[in-house]
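# Report on the structure
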Amino acid sequence: NGNGSAMRVSAVAWLYQDLDTVRRMARLSAEVTHNHPEGIKGAKATAAAIYLARTGSTKAEIKAQMEGRFGYDLSRSCDEIRPGYRHVESCQETVPEAITAFLEGESFEDVIRTAVSLGGDCDTLTCIAGSIAEGFYGVPDVLKHKCRNMLPDILNEVLDRFETISYQKHTE
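In this report, the structure presented in the accompanying data block is examined. (Residues numbered from 1 in each chain as written. Predicted model: local features only at pLDDT ≥ 70, side-chain atom pairs only at ≥ 80, totals over all residues. Heavy atoms only, no water.)

## Details of the overall build of the protein chain
What the protein chain contains, in helices and strands, is 11 helices and zero strands. Each helix and strand of the protein chain, ordered N terminal to C terminal, gives the series α-α-α-α-α-α-α-α-α-α-α. For the protein chain, the C-alpha radius of gyration of 15 Å lies close to 16 Å, the compact-globule estimate for 172 residues. Each principal axis of the C-alpha atoms in the protein chain carries an extent, and together these give about 40 × 30 × 30 Å. Here the contacts in the protein chain between residues at least 6 apart in sequence split such that 68% fall between residues at least 24 apart. Entry remark: accessible area of the protein chain is about 8800 Å², with carbon and sulfur atoms responsible for 52%. (Helix = DSSP H or I, 4+ residues; strand = E, 2+ residues; numbered from the N terminus. Rg over C-alpha atoms; globule rule 2.2 N^0.38 Å. Contact = heavy atoms within 4.5 Å. Areas by Shrake-Rupley, 256 points an atom, 1.4 Å probe, with all protein chains shown as cover.)

## A few points about the packing of aromatic side chains
Describing an aromatic ring pair means giving the distance of the ring centres and the angle of the ring planes. Taken as a whole, this structure holds three aromatic pairs when the rule is applied. Summarising the aromatic geometry, the rings of Phe70 and Tyr72 are spaced 6.5 Å apart at their centres and angled 25 degrees between planes, so their arrangement reads as stacked. Note on Phe136 and Tyr137: the rings are 4.9 Å apart at their centroids and 80 degrees apart in plane angle, and the pair reads as edge-to-face. On the basis of relative accessibility, which here comes to 31%, the residue Phe136 falls in the partly exposed class. For Tyr137, a relative accessible area of 31% translates into the label partly exposed. The aromatic ring of Phe102 is capped on one face by Lys59, whose charged end is 4.8 Å from the ring centroid. (Phe/Tyr/Trp six-rings, centres within 6.5 Å; stacked < 30°, edge-to-face > 60°. Buried < 20%, exposed > 50% of the residue type's maximum accessible area, 1.4 Å probe, protein only. Lys NZ or Arg CZ within 6 Å of the ring centre and 35° of its normal.)

## A short note on the nonpolar core
In terms of nonpolar packing, the biggest core is built from 44 residues, with Met66, Val95, Ile99 and Ile132 touching the most fellow members. Of all the secondary structure elements, the ones that give two or more residues to this core are α2 (10–15), α3 (19–31), α4 (37–54), α5 (59–68), α6 (78–81), α7 (95–104), α8 (108–117) and α9 (122–137). When residues of this core are assigned to their parent elements, the largest contribution, 10 residues, is made by α4. Every residue in contact with Ile99, bar those within four places of it in the chain, is listed here: Met66, Tyr72, Leu74 and Ile132. (Core = buried A, V, L, I, M, F, W, Y, C linked by side-chain atoms within 4.5 Å.)

Structure follows, in structure tokens:
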């Protein structure tokens, strides 16, 4: 039921052109290492949220999908989550909190700050929230360029190939 399945699934949401395929491929990506119903659910929910965000759904529509299809309770605010939140590595105690951070954020950077402020397993939580925020807001160019400048050439080549493949799939 570990949250690693949700943390690493974001590429799936960018590579496929319909929600059913995104959910199916998210399941396959999770089953390799997180073959538990909650690990699979977390990956599917995260990929679905990213896909919905990148294809123009509103935050209300994304929230409704996460609550209705995946049964996540998104009724608590980040201010309500923060005081009792601790380091957990389960999808059921990370994915809803990450989605809430996304829903409350007002920009890509605000989502990142909000997710980090929750504490706990904040690198994973922020990765999930940030992936959804990227789909909804995009990543500011200045931040994207600064991060890319810190990467070795070989990783930038991987990112270039991914962006090319993803772009081609979106224009097919």
